[in-house]
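Observations on chain architecture
So the chains spell out like this:
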Amino acid sequence: MLTIAEIGQAHDGSLGMLHAYIDAVAKTGVDAIKFQTHIAAAESSKHEPFRVKFSKQDKTRFDYWKRMEFSQEQWIEIGEHCKKVGLIFMSSPFSNKAVDVLETAGVEQYKIGSGEVNNFLLLKKVIETKKPIIISSGMSSFEELNATIKFLKSHNANYSILQCTTSYPTQPKQYGLNVIAQLKKRYGVTVGFSDHSATVAAGIAAVALGAEILEFHVIFDKAQFGPDVSSSLTMTQTAQLVKGVKEISEALKFPIDKTDNSNFDDLKSIFEKSLAINKKVNKGHTITFEDLEAKKPKGYGIDAANYEQLLGKQVTRDIEKWEFLNEEDFK
């Protein structure tokens, strides 16, 4: 089970904030931390339709991406910090240039964002690194995914796939938890769930349904600025989620065989019950349902499960209230 905390742009362009996130995430029990590596000039142009005023600080979306950039040296420091605190260093590149930056920084795994799944130029660049690749399927149909998987296989890539819904925050009816099994059956690779619901429940459900990778956005505070804040978990929620999914993942390794309950023999002898009489009766009394009670433990009288065999039978002796009933007490 691999858990990935997605920082994205939660650092809001602050290197100090980014390093604070690394330290905070390391305390939650998460396995990996993932960033986004943006180089505005390499990934965007003036024709980008999303180039609108984005915040009071940024005149355009391009300006925002520019502010999210870090230098090569800073990325090296980021990678070193991740490894120092025991986190797998991951990032999503949005240009071939970004891959070069991440390789120099020592990135350990790559995540391909939903909008880049059919960017075969970028995929080829990432494949050449020989590092594990996680593909997010949020914007892709099966037809589009088929083409991507064919490309990855043709280049002997080491890849896995995440079910993802590109909606922030994702509502329950949009989770697509059924797709987890479909992806496994269709492609025969490790499958996970990229969650944007800002809930603990969705991730736990995904793992119970077979997800082996779980990615989710994290934030320090829901009042912060950023495009992913509404779909992010707090650090407290993250710790709860990680604990829950690791327990579920462990549980799935140990299926219970309900055809064999021999391990419960001792407990069954304590908690299961024997038939007793609930009133004093005299020899010759005919037993009715209202005469019977079931008392612990099992084995001191006829099993409670067999009460029907006593109905209508006469007792062969006087029996005191609360005595157990056995075969020799009846004709």
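The shown structure was predicted, so the numbers you read here are calculated from the model rather than taken from an experiment.

1. Here we look at the pattern of salt bridges
All chains considered together, the criterion is met by 18 salt bridges. The shortest N-O distance in the salt bridge between Arg 67 and Asp 58 comes to 2.7 Å. Overall, the relative accessible area of 19% leaves Arg 67 in the buried class. By relative accessible area, which is 3% here, Asp 58 ends up buried. As a salt-bridge pair, Arg 317 and Glu 323 come within 3.2 Å of each other at their nearest N and O atoms. The class for Arg 317 is partly exposed, based on a relative accessible area of 29%. Among the residues examined, Glu 323 registers a relative accessible area of 25% and is labelled partly exposed. What you see here is one network of salt bridges that share partners, running through Asp 12, Asp 58 and Arg 67.

2. Re the layout of surface pockets
In this structure, the largest pocket encloses a volume near 640 Å³. Around the largest pocket sit 28 residues that line it, and Gln 36, Phe 94, Gly 115, Met 139 and Tyr 168 are the ones nearest its centre. Listed by contribution, the elements that provide at least two residues to the lining of the largest pocket are strand S2 (32–37), helix H3 (61–67) and strand S8 (213–218). Its residues assigned to classes, the lining of the largest pocket comprises seven nonpolar, twelve polar and nine charged.

3. Examining helix H7 (residues 142–154)
If you check H7, its first and last C-alpha atoms are 18 Å apart, about what 13 residues at 1.5 Å a residue would give, namely 18 Å. For H7, the full list of buried residues reads Leu 145, Thr 148, Ile 149, Phe 151 and Leu 152. An end-on view of H7 places all buried positions within 160° of arc, on one side of the element. Of the exposed residues in H7, those oriented more than 90 degrees away from the buried face are Glu 143, Lys 150, Lys 153 and Ser 154. Buried positions along H7 lie against helix H6 (120–127), strand S5 (133–136), strand S6 (159–164) and helix H8 (178–187). Just beyond H7, the residue with positive phi is Asn 156, at close to 55°.

4. Notes on the side chain of Lys 111
Mapped onto the elements, Lys 111 comes out in strand S4 (residues 109–112). Side-chain polar atoms of Lys 111 contact the side chain of Glu 215, separated by 2.7 Å. Contact partners of Lys 111, with chain neighbours within four places excluded, come to Lys 34, Ser 91, Ser 92, Pro 93, Ile 134, Ser 136, Leu 162, Ser 194 and Glu 215.

5. As for the domain arrangement of the chain
Domain boundaries in the chain define domain 1 (2–253) and domain 2 (262–329). Distance between the C-alpha centres of domain 1 and domain 2: 64 Å.

6. Describing the packing of helix H5 (residues 96–105) against H6
One can describe the packing of H5 onto H6 by two numbers: an axis separation of 9 Å at closest approach and a directional angle of 20°. In this view, H5 runs roughly parallel relative to H6, as classed from their interaxial angle. In this structure, H5 crosses over H6, and the sense of that crossing is right-handed. Residues Asn 96, Val 99 and Asp 100 of H5 form the contact with H6, whose participating residues are Leu 121, Leu 122, Lys 125 and Val 126.

7. Re the environment of Asp 195
Relative to the assigned elements, Asp 195 resides in strand S7 (residues 191–195). Taking the relative accessible area as the measure of exposure, Asp 195 reaches 3% and is therefore buried. Along the backbone, Asp 195 and Gly 226 are 31 residues apart, and their C-alpha atoms lie at a distance of 17 Å. Side-chain polar atoms of Asp 195 contact the side chain of Ser 197, separated by 2.9 Å.

8. A short note on the UniProt feature "domain: AFP-like" (unreviewed entry) in the chain
Here the UniProt-annotated "domain: AFP-like" (unreviewed entry) positions come out as residues 274–331. As a span, residues 274–331 carries 0% helix and 14% strand, and end to end its C-alpha atoms are 19 Å apart.

9. A look at the pairing of strand S1 (residues 2–8)
Taken across its seven residues, S1 has seven buried, putting it largely inside the fold. Here S1 shows no split at all, with Leu 2, Ile 4, Glu 6 and Gly 8 on one side and Thr 3, Ala 5 and Ile 7 on the other all buried. In this structure, S1 lies alongside S8, joined through five bridges in parallel fashion. Within S8, the position partnered with Leu 2 by the bridge is Ile 213. Here S1 pairs with S2 via four bridges, running parallel. Counterpart to Ile 4 in the pairing with S2 is Ala 32. For the crossover from S1 across helix H1 (residues 15–26) to S2, the handedness is right-handed.

Calculation rules
- Residues numbered from 1 in each chain as written.
- Predicted model: local features only at pLDDT ≥ 70, side-chain atom pairs only at ≥ 80, totals over all residues.
- Heavy atoms only, no water.
- Salt bridge = Lys/Arg side-chain N within 4 Å of Asp/Glu carboxyl O.
- Buried < 20%, exposed > 50% of the residue type's maximum accessible area, 1.4 Å probe, protein only.
- 1 Å grid on protein atoms, 1.4 Å probe; cavity = no way out; pocket = protein on both sides within 12 Å on 5 of 7 lines; lining within 4 Å.
- Points joined across faces, edges and corners; volume = space filled by probe spheres on them.
- Helix = DSSP H or I, 4+ residues; strand = E, 2+ residues; numbered from the N terminus.
- Nonpolar A, V, L, I, M, F, W, Y, C, P; charged D, E, K, R; others polar.
- Expected span 1.5 Å × (residues − 1).
- Arc of directions from axis to C-beta.
- Contact = heavy atoms within 4.5 Å.
- Polar contact = N/O pair within 3.5 Å; in protein donor to acceptor, adjacent residues only side chain to side chain.
- Domains from an automatic or database assignment.
- Axes fitted to C-alpha atoms, helices over the stretch in contact; angles between N-to-C directions.
- Parallel < 35°, antiparallel > 145°, perpendicular 65-115°, else oblique.
- Left-handed = near helix turned anticlockwise from the far one by under 90°.
- UniProt positions renumbered as here; feature names shortened; annotations may be inferred.
- Pairing = 2+ DSSP bridges.
- Right-handed = clockwise from strand over helix to strand, strands pointing away.

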